[in-house]
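# Survey of secondary and tertiary structure
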Amino acid sequence: FPACWDPQVSIKDLHFDGVPVRIYLPRKPSASKQRGVVFIHGGCGIFGSIRTHERVCRYIARKSDSVVVSVGYHLAPEHKYPTQTLECLTATEHFLKTAETYRVDPARVIVCGDSVGGTFTTSVCQELGQRTDIPKIRAQVLIYPFLQALNFNLPSHQKNAAVAFLTRERTVHFILKYLDKDCSLKEPILAGSHVPENINLKYRKWINPDLIPDVFKMGYKPPLPALFSPQTHKEVPELFEPWVSPLLAEDAVICGLPDTCIVTCEHDVLRDDGLLYKKRLEDNNIRVTWHHVEKGFH
């Protein structure tokens with residue numbers, strides 16, 4: 001669909017190294033170079049588009065007087081994982097290299113995404129954080145991001161298991177659809193049967209209900225240990241990759257991340273992913289701004 005006309009923002013459809021993007025440029029002339037925003041939309045990697053998030057991007061461009069690039073990555077399962085992450089990387093890298101073409105200061109570019117867009121944002125920043133051949137990303141904004149697929153029994157999963165739109169069961173169902181896996185794997189994954197004990201032990205320092213502040217654990221009941229299923233584990237190796245579970249990235253990667261803003265919602269199964277990542281970043285001396293929406297949901 002073509003972009004809607006906006007009196008304050010000029011909108012163009014382009015391709016960055018083959019990746020579809022829609023760019024929003026404030027019409028009002030600026031005396032100096034402007035800020036840039038790479039926006040990566042949510043939708044579990046299987047739906048959503050540039051068009052569904054157009055009002056959000058126009059709003060950001062107007063209110064922050066920034067040039068916004070909305071990434072139209074191709075959707076799964078027709079386009080296999082990790083096409084989505086790779087296209088977000090490609091578009092971001094292209095914009096960082098060509099920012100001055102759009103009168104954007106390359107040192108003032110942030111990457112922002114909601115839901116799985118937050119996952120892709122996290123992956124982009126983790127991948128580009130160690131690079132010295134392109135400008136550094138100034139900051140990342142993660143709006144209720146999905147960040148780990150090891151534990152679906154955290155306090156927020158229990159509390160919000162049946163809250164619309166994103167229930168606990170739908171979360172795993174959509175992940176399996178995104179990875180083009182058999183959705184019958186949902187129940188053992190929800191139980192945690194896909195995670196062997198050695199991996200649980202390795203990552204419990206980062207993914208653990210004990211790390212969630214007590215105020216968010218009202219009524220929480222630790223689940224019984226799950227019986228490990230080697231067959232389920234074998235079917236979903238992608239769940240243990242940082243591109244799907246960015247919380248599993250090593251400290252050397254986390255240390256290279258930019259300033260971060262994390263938005264969490266009280267009535268969201270993914271709330272605790274954001275809380276755990278916030279702690280990881282702060283433990284590695286990354287500056288974090290946290291906004292928690294008490295009445296918000298996914």
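Residues numbered from 1 in each chain as written. Predicted model: local features only at pLDDT ≥ 70, side-chain atom pairs only at ≥ 80, totals over all residues. Heavy atoms only, no water.

You'll find the protein entered in an unreviewed UniProt entry as ADCL3 protein, with Zosterops hypoxanthus given as the organism.

## With respect to the domain arrangement of the protein
Split into domains, the protein comes out as domain 1 (9–148 + 243–297) and domain 2 (155–240). The partner domain 2 presents 30 residues to the 35 residues of domain 1 that form the contact. Taken together, both faces of the contact between domain 1 and domain 2 bury some 2,800 Å²; the carbon and sulfur share is 68%. The largest share of the area that domain 1 buries against domain 2 comes from Leu248, Val269 and Leu276, three residues that together contribute 23% of it. For the pair domain 1 and domain 2, the interface holds two salt bridges. Note that Glu266 and Lys159 form a salt bridge whose closest N and O atoms lie 3.5 Å from each other. For the pair domain 1 and domain 2, the interface holds nine residue pairs in polar contact (both at pLDDT 80 or more). (Domains from an automatic or database assignment. Contact = heavy atoms within 4.5 Å. Buried area = accessible area lost by both parts, 1.4 Å probe. Salt bridge = Lys/Arg side-chain N within 4 Å of Asp/Glu carboxyl O. Polar contact = N/O pair within 3.5 Å; in protein donor to acceptor, adjacent residues only side chain to side chain.)

## A word on the packing of helix 2 (residues 83–98) against helix 3 (residues 116–128)
The geometry of helix 2 relative to helix 3 is characterised by a closest axis approach of 9 Å and an angle of 60 degrees between their N-to-C directions. As the angle between them shows, helix 2 and helix 3 are arranged oblique. Between helix 2 and helix 3 lies a crossing of right-handed hand. Contacts between helix 2 and helix 3 involve Gln84, Thr85, Cys88, Leu89, Thr92 and Leu96 on the former and, on the latter, Phe120, Ser123, Val124, Glu127 and Leu128. Tallied by class, residues from the contact of helix 2 with helix 3 come to six nonpolar, four polar and one charged. (Axes fitted to C-alpha atoms, helices over the stretch in contact; angles between N-to-C directions. Helix = DSSP H or I, 4+ residues; strand = E, 2+ residues; numbered from the N terminus. Parallel < 35°, antiparallel > 145°, perpendicular 65-115°, else oblique. Left-handed = near helix turned anticlockwise from the far one by under 90°. Nonpolar A, V, L, I, M, F, W, Y, C, P; charged D, E, K, R; others polar.)

## Some points on the sheet that holds strand 4 (residues 66–71)
With mixed pairing, the eight strands of this open sheet are ordered in space as 1-2-4-3-5-6-7-8. Single-partner strands in this sheet number two, and they are strand 1 (9–16) and strand 8 (288–297). For this sheet, the mean angle separating the axes of adjacent strands, direction not counted, is 20 degrees. Sheet topology note: the strand 5 (residues 104–114)/strand 6 (residues 139–143) ladder contains five bridges and is parallel. Counterpart to Asp114 in the pairing with strand 6 is Ile143. Most of the contacts of helix 10 (residues 271–283) go to strand 7 (residues 259–267), to which it runs at about 150 degrees, and overall it touches strand 6, strand 7 and strand 8. (Pairing = 2+ DSSP bridges.)

## A short note on the pairing of strand 5
Relative to strand 5, strand 3 (residues 34–40) runs parallel, the two sharing six bridges. Note that in strand 5 the partner of Phe39 across the bridge is Cys112. Considered for its hand, the β-α-β crossover made up of strand 5, helix 3 and strand 6 is right-handed. (Right-handed = clockwise from strand over helix to strand, strands pointing away.)

## Let's talk about the environment of Gln126
Inspection of the secondary structure assignment puts Gln126 in helix 3. Taking relative accessible area as the criterion, Gln126 reaches 7% and is therefore assigned buried. For the pair Gln126 and Pro258, spaced 132 residues apart in the sequence, the C-alpha separation amounts to 9.2 Å. Leaving out residues up to four positions away in the same chain, Gln126 has contacts with Pro242, Pro246, Ala249, Val253, Ile254, Leu257 and Tyr277. A distance of 3.1 Å separates a polar atom in the side chain of Gln126 from the backbone oxygen of Pro246. (Buried < 20%, exposed > 50% of the residue type's maximum accessible area, 1.4 Å probe, protein only.)

## Quick word on the UniProt feature "domain: Alpha/beta hydrolase fold-3" (unreviewed entry) in the protein
When the UniProt feature table is mapped onto this chain numbering, "domain: Alpha/beta hydrolase fold-3" (unreviewed entry) sits at residues 37–189 and 241–298. Secondary structure content for residues 241–298 is 29% helix and 33% strand, and the end C-alpha separation is 24 Å. (UniProt positions renumbered as here; feature names shortened; annotations may be inferred.)

## Things to note about helix 3
For helix 3, which comprises 13 residues, the first-to-last C-alpha distance of 18 Å matches the rise-based estimate of 18 Å (1.5 Å per residue) to within 8%. Of all 13 residues making up helix 3, twelve are buried, and the element is well covered by its neighbours. Three or more residues of helix 3 are buried, namely Val116, Gly117, Gly118, Thr119, Phe120, Thr121, Thr122, Ser123, Val124, Cys125, Gln126 and Leu128. (Expected span 1.5 Å × (residues − 1).)

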